[in-house]
Amino acid sequence: MYTLGINAAFHDSAAALIKDGVLIAAAEDERFTHIKHGKRPIPFSAYELPFHAIDYCLQEAGITLQDVDHIAYSFDPALQKQQDSSGDNNKITGVFSNNLNDLFLSYMQQAPQHLRDGYPHHLQKRLAGLVIKPGKWHFVEHHIAHAASAFYPSPFKEAAVLTLDGRGELASTSYFVGNGNSLEKIGEVCMPHSLGMLYEKMTTYLGFLHSSDEYKVMALASYGKPVYLEKFRSFIHPGENGCYTIDDFSPEDAFGPARKKGATFEQRFFDVCCLCTTSIRRRPTKYQPSGMWMAPPAFKP
């Protein structure tokens with residue numbers, strides 16, 4: 001039995017193909033299109049599927065899309081649709097606002113049709129002729145997809161599983177217990193409270209592209225000191241059972257004017273980056289005692 005997994009809702013569009021529980025192939029679409037992260041995670045791009053990555057996986061298996069038994073898409077628009085219609089203001093999902101969110105969900109609901117007839121012409125050899133019978137297409141809750149990708153390949157038969165994300169359908173953080181081939185959700189934190197979105201906000205404040213350049217913030221943390229740590233912690237409020245809330249604060253009010261793209265890095269920007277990590281350590285070696293602070297090399301923007 002062949003199962004095709006598709007990630008396309010946000011960034012880093014990718015595909016994976018499994019046969020009888022064994023991974024055959026997996027790839028991100030950017031490897032073939034040379035577009036970083038495959039696409040930008042905006043409402044207008046939700047229709048884009050990783051056709052090149054899908055084609056690669058099928059080629060590795062020597063099959064066509066018609067031979068696939070199940071197709072799993074790592075986002076379930078119905079969950080957010082149910083929330084929007086329920087009027088539950090305790091769970092503000094707001095991935096995007098107003099009509100843009102409707103567009104975002106509509107594009108994903110049409111993903112089966114996009115896969116059937118939206119592929120590039122030169123890939124029709126393996127992608128053409130798809131018939132989606134009842135029970136073949138599966139919208140999978142985004143955080144369950146994350147949790148499954150960590151737990152099922154692991155050597156553990158039972159484990160606690162944490163999905164700490166920017167955003168899913170409703171949740172930004174989810175807690176599971178994995179046992180055998182099952183995952184039971186035991187708790188979650190819902191939008192707009194999200195550590196991932198907070199990271200994106202700070203990435204933008206530092207003059208980088210969010211949902212893309214967060215790794216730069218992580219690297220530049222080694223050039224700063226945690227002088228803003230207590231102020232930053234005052235915006236995040238831990239609660240019971242792993243829950244938390246985050247204030248809707250302005251980084252400019254808290255840390256000064258934002259950095260523009262290409263502008264010089266002031267020390268305060270390094271110090272803001274340092275909020276991502278409060279210690280600067282390297283692995284101990286026979287020449288370096290454990291815990292010794294090592295100064296980073298000179299930074300050139």
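Residues numbered from 1 in each chain as written. Predicted model: local features only at pLDDT ≥ 70, side-chain atom pairs only at ≥ 80, totals over all residues. Heavy atoms only, no water.

Draft legend 1. Looking closely at the pairing of strand β2 (residues 14-19). Both strand β1 (residues 2-7) and β2 contribute to a ladder of 6 bridges, which runs antiparallel. Directly across from Tyr2, in β2, lies its bridge partner Lys19. Counting the residues between successive antiparallel strands, the hairpin from β1 to β2 contains 6 residues, one of them, Asp12, with a positive phi of roughly 55°. The pairing of β2 with strand β3 (residues 22-28) spans 6 bridges and is antiparallel. Within β3, the position partnered with Ile18 by the bridge is Leu23. Counting the residues in the hairpin turn of β2 and β3 gives 2 residues, including Asp20, whose phi is positive at 50°. (Pairing = 2+ DSSP bridges. Helix = DSSP H or I, 4+ residues; strand = E, 2+ residues; numbered from the N terminus.)

Draft legend 2. Representation of the sheet that holds strand β8 (residues 182-190) in the model. Sheet architecture is open: 3 strands sit in the order β6-β7-β8, paired in antiparallel fashion. Either end of the sheet is taken by a strand with one partner, and the two such strands are β6 (158-164) and β8. This sheet shows a mean twist of 15° between the axes of neighbouring strands, independent of strand direction. With 8 bridges joining them, strand β7 (residues 171-179) and β8 adopt antiparallel strand pairing. Each residue of the ladder has a partner; that of Phe176, found in β8, is Lys185. On the sheet, helix α7 (residues 142-151) packs against β6, β7 and β8 and is oriented at approximately 45° with respect to β7. (Axes fitted to C-alpha atoms, helices over the stretch in contact; angles between N-to-C directions. Contact = heavy atoms within 4.5 Å.)

Draft legend 3. View of the pattern of salt bridges. Tallied over the entire structure, the rule returns 8 salt bridges. Two residues, Arg126 and Asp55, come together in a salt bridge whose shortest N-O distance is 2.9 Å. With Arg126 in helix α6 (residues 124-127) and Asp55 in helix α2 (residues 51-61), the pair connects residues that are 71 residues apart, well separated along the chain. Residue classification places Arg126 among the buried positions, given a relative accessible area of 18%. Classification of Asp55 by relative accessible area gives buried; the value is 9%. (Salt bridge = Lys/Arg side-chain N within 4 Å of Asp/Glu carboxyl O. Buried < 20%, exposed > 50% of the residue type's maximum accessible area, 1.4 Å probe, protein only.)

Draft legend 4. Just the nonpolar core, in detail. Core analysis: the biggest nonpolar cluster contains 33 residues, and Leu4, Ile6, Ile54, Leu65, Tyr73 and Leu115 have the highest contact counts within it. The set of elements that each furnish at least two residues to this core consists of β1, β2, β3, α2, β4 (70-73), α4 (98-109) and α5 (111-117). For this core, the element with the highest residue contribution is α2, accounting for 5 residues. Residues within four places of Leu115 in sequence aside, it is in contact with Ile6, Leu49, Phe51, Ile54, Leu65, Ile71, Leu130 and Trp137. Core analysis: the second largest hydrophobic core is formed by 23 residues, Leu206, Val217, Tyr228 and Phe265 among them. (Core = buried A, V, L, I, M, F, W, Y, C linked by side-chain atoms within 4.5 Å.)

Draft legend 5. Molecular detail of a nonpolar patch on the surface. Taken together, the side chains of Ile42, Phe44 and Leu100 present a nonpolar region at the surface, about 260 Å² in accessible area. With respect to the helices and strands, the residue Phe44 is situated in the loop between α1 (30-33) and α2. (Patch = residues over 30% accessible without salt bridge, like charges linked within 9 Å, V, L, I, M, F, W, Y side chains within 5 Å. Areas by Shrake-Rupley, 256 points an atom, 1.4 Å probe, with all protein chains shown as cover.)

Draft legend 6. Region of the structure containing the side chain of Lys136. As for its placement among the helices and strands, Lys136 is situated in the loop between α6 and β5 (137-139). Here Lys136 sits buried without a salt bridge, and the closest side chain of opposite charge, Asp69, lies 6.9 Å off (N-O distance). Beyond its immediate stretch of four places on either side in the chain, Lys136 contacts Leu65, Gln66, Val68, Asp69, His70, Ile71, Leu130 and Val131. (Lys, Arg positive; Asp, Glu negative; His and termini not counted.)

Draft legend 7. Broad picture of helix α8 (residues 195-205). Buried residues of α8: Leu198, Glu200, Met202, Thr203 and Tyr205, and no others. Each element contacted by the buried residues of α8 is listed here: α9 (214-220), α10 (229-233), β9 (236-238), β10 (244-246), α11 (251-255) and α12 (267-273). Looking at where α8 begins, the residue whose side-chain oxygen comes 3.3 Å from the main-chain nitrogen of Gly196 is Ser194. Immediately downstream of α8, the backbone of Gly207 shows phi near 90°, a positive value. (Polar contact = N/O pair within 3.5 Å; in protein donor to acceptor, adjacent residues only side chain to side chain.)

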